[in-house]
Amino acid sequence: MADSSTLVSETGRSLLADSSVLDSKIIETSKENVFRAAVLDAEEEMPQIETRVVLVQEAGKREELLKALEEIKMPYIKTDTIEELGDSDSPEFETIFVVSDFQAPIFGNLCRADCRVIGPPVVLHCAQKGEPLPFSCRPLYCASMLNLVLCFTGFRKKDELVKLVTLVHHMGGIIRRDFSSKVTHLVANSTHGDKFRIAVSLGVPIVKAEWIYKAWEKRNEIDFCAADDDFRNQFKVPPFQDCMLSFLGFSDDEKANMEEMTEMQGGHYLPVGDERCTHLVVEESTVKDLPFEPLKKLYVVKQEWFWGSIQMDARAGESMYLFEKSESPDFKKSVSLLSLSTPNSNRKRRRLKETLAQLTRETDMSPFPPRKRPSAEHSLSIGSLLDISNTPESSTANGETPKSCARPSKNSTPLPLKQSARWQVAKELYQTESNYVDILTTIIQLFQVPLEKEGQLGGPILAQEEIKTIFGSIPDILDVHTKIKEDLEDLMINWTENKSIGDVILKYSKDLLKTYPPFVNFFEMSKETITRCEKQKPRFHAFLKINQAKPECGRQSLAELLIRPVQRLPSVALLLNDIKKHTAEENPDKITLERAIESLKEVMTHINEDKRKTEAQRQFFDVVYEVDGCPANLLSSHRSLVQRLETVALGDDLCDRGEQVTLFLFNDCLEIARKRHKVIGAFKSPHGHTRPPASLKHVVLMPLSQIKKVLDIRETEDCQKAFALVVRPPTELNNKLLSFQMTTEDPCKEDWLKMLCRHVANTICKADAENLIYVADPDSVEVNTKDMDSTLSRASRAIKKTSKKVTRAFSFSKTPKRALRRALMSQSATEGRSPSSSESFLGSRLSSTSSLAAVPSPSLVSLPSIFERRSHTLSRSTTHLI
């Protein structure tokens, strides 16, 4: 008799042993412990047992199995029936049967005979890993659920549960009746019960029974693992499975949004009062009493339960979110505060005034009375939006307490009842700074810290790149303003008229210059990221709903809170100007305040300059994405986009006459692109951003140093808004004339030509940019714009395009020159001329296409005349210019 510790196999190296076997052998093991010494002595005298493999029926016909057994050096035999194997019960052999079909009758016979049975995937798996065949007291078909410990809940039909357990065992999984920390997956048929609640709290994946069935369908895939996240997430139990939800107290838009989210998360919604409803979600800020007496089975929960379930990707426990009517004094006080918008008696108004006065005394952090300048009370400027007095300071309850909030107020020094105007404005600067620090603290502790937290239930809500894009340098900005607030508090506690407020701002001007530009410049990208993630990620949408409803946010969204850094510096500058007005001329702080204001203006100027550079870089990349085939060397740190101009080509050098051409003027080069005839598909980046398809095709990237002259063509009846460029590429001996007609009113032709010449002059290091412009008559350069929009002109352009397509269709290399030569050869052959040496060589290369060349084509016949006309026109115009 073998000891239970030897159940893994004789080598002890297999990982496929079912630990449930050990549990079933506990009683036998305890009995054998009495005779352990005798058993060990007996094992030493027992002969070595040889292991052999029996390939049953179809398994013996698979060549890959035979090769796999040879790789692991395992002897095998083939058989069609068990009866053929007479010595299957011989003690000299440890026989392992390989069966391809676990539904076949022979499989049942082997199981009843208590034989070791495995499937072909197990053999292939062991050969791939270089491991010996496993020992298992149960039939083992594959290793798809190797090392997985499963627990079941909510299943009422015994036959279904037995089938699922059998499949799990066949795939190498382990079953536990009771839920414990060792369970890796909970298979749930219901969202009720203790097992479900424990799995949610521990973050254990909860899946449907379909997960097991689909994994069994993939049993023959050697590298498949049922625990793979992408595969498992297809069968996760949605948060609102088996839930019937109703919504009370929400606006129509909110209700429609929540009903849509309910169906997305596996639930259903019903009208309020329906007896089938399992959960009534209540907006606690608007609903104070239920319109009906709820049934005992109905959960009446706050909306935080709804959004919390979506955020954690599992149904949250209802006990923490039950809606209850409160009769506490605090509740009565909040009801009285909510009565501002309703008609009240004088008694209620007097009580409200006393309550507000009490709240003001309790929440005032500073030792100063909560007064404001009369001018500030009626101001609605952007800067005054920061002067909120109802920003709760309880935001520290959800994380570490910042220095600014942890530091006690120094209110021990008594102050006179009446202070100067300079003191009043300085006090307002301190109060707004304190509120601003509280807002930044709320952003970090309520939003950023939870999003960055590791081990979130349901996995990370956002990727780290998205979190960084949304919050940017907010922590650095908070550190700077926390120090400014502390210095202002010290200054106000020990106030004298000679105290310097400007020194406080100057002390941190370099830090402000370092921290603000990165955030302000990418604020629009931050808002776009919030909007996109909220639409695409329901868990992030739920996260925002939960946290934005908390009192720390003051009923403001995350995007509205993030705009405060953009508004803060202009607000501080206005307050410093106000302080300077109330500062005496002989006060040394007068000059210091001027310097502080200038330092803030420098920061804001730097922000605006960086923002312009950022916008220019975005325009730069827009050009790259818009122009198909744009050269990579266009991207350069010293290069910037100056102007974009829409034109029509008047010549045939770059493209066909009449084609729409876009000129991108950079500070040192000119990108010329034409409109695409066929738009390609949209571009999708790895982050999911979809860009529009490229609408332009690259023609040439021309350095401005190649432009020798800029021709301003005189305006005539037949020529309107035309100009030309005389260029000489480095590979050409003669100049080329590129003529265009402007199709837009902005910029005007004069401004465009001056702008172009100025950048050309800068590139070639010349001071006289005006000397690059020459005035020319349309006839002298053979430029005419009269027929550009005519029907004949459009038909001519269409014929040219068709001609090119036909020409390329007859050329395997799609090179027009070869098509032209082919046309000339076919023409000379029909006239009976003997080909020249070059033509003979060309004919030998194109002998396989002689039949194609002999086909008459109007486009091919017209090519020589078109080529001669273009060459003649180009030579005349170039000679005239030279």
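These figures come from a predicted structure and were not determined experimentally.

1. A word on the overall build of the protein chain
Part 1 of the reasoning: From N to C terminus, the protein chain includes 32 helices and 23 strands.
Part 2 of the reasoning: Long-range contacts, defined here as pairs at least 24 residues apart, represent 68% of the contacts in the protein chain between residues at least 6 apart.

2. With respect to the sheet that holds strand β20 (residues 707-713)
Part 1 of the reasoning: One open sheet holds the 9 strands; their spatial order is β13-β19-β16-β15-β14-β22-β21-β20-β23, and the pairing between them is mixed. Two strands close off the open sheet at either side, each with one partner strand: β13 (627-628) and β23 (773-776).
Part 2 of the reasoning: As judged from the 3 bridges shared by strand β14 (residues 641-649) and strand β22 (residues 736-742), these two strands associate in the antiparallel manner. Considered in β22, the bridge of V648 is made with Q741.
Part 3 of the reasoning: Its contacts with the sheet place helix α27 (residues 749-763) against β14, β15 (660-666), β20, β21 (722-727), β22 and β23, and it is angled at close to 170° to β20.

3. Structural notes on the packing of helix α17 (residues 421-452) against helix α23 (residues 538-548)
Part 1 of the reasoning: At their nearest, the axes of α17 and α23 sit 10 Å apart, and the two run at 145° to each other. By crossing handedness, the relation of α17 to α23 is classed as right-handed. For the pair α17 and α23, contact is made by L446, F447, P450 and L451 and by F540, F543, L544, N547 and Q548, respectively.
Part 2 of the reasoning: Split by residue class, the contact of α17 with α23 holds 7 nonpolar, 2 polar and no charged.

4. Thoughts on the sheet that holds strand β9 (residues 244-248)
Pairing between the strands of a sheet is mediated by backbone hydrogen bonds and can be parallel or antiparallel.
Part 1 of the reasoning: Pairing is parallel in the open sheet, where 4 strands are placed in the order β10-β9-β11-β12. Every other strand in the sheet has two partners, leaving β10 (268-269) and β12 (299-302) as the edge strands with one partner each.
Part 2 of the reasoning: Bridging between β9 and β10 involves 2 bridges; their strand directions are parallel. Paired with M244 across the bridge in β10 is H268.
Part 3 of the reasoning: Of the strands in this sheet, β9, β10 and β11 (279-282) touch helix α11 (residues 252-264), which is tilted by about 170° from β9.
Part 4 of the reasoning: Its contacts with the sheet put helix α12 (residues 303-312) on β9, β11 and β12, and the angle it makes with β12 is roughly 80°.

5. Some details on the confidence of the model for the protein chain
Part 1 of the reasoning: Confidence along the protein chain averages 74 in pLDDT terms, with 69% of residues attaining 70 or more.
Part 2 of the reasoning: With pLDDT under 50 throughout, residues 328-345 is counted as low confidence; its partners more than four residues away or in other chains account for 15 contacts.
Part 3 of the reasoning: Per-residue pLDDT stays below 50 along residues 359-416; that stretch engages in 95 contacts with residues further than four places along the chain or on separate chains.

Calculation criteria
Residues numbered from 1 in each chain as written. Predicted model: local features only at pLDDT ≥ 70, side-chain atom pairs only at ≥ 80, totals over all residues. Heavy atoms only, no water. Helix = DSSP H or I, 4+ residues; strand = E, 2+ residues; numbered from the N terminus. Contact = heavy atoms within 4.5 Å. Pairing = 2+ DSSP bridges. Axes fitted to C-alpha atoms, helices over the stretch in contact; angles between N-to-C directions. Left-handed = near helix turned anticlockwise from the far one by under 90°. Nonpolar A, V, L, I, M, F, W, Y, C, P; charged D, E, K, R; others polar. pLDDT = per-residue confidence, 0-100.

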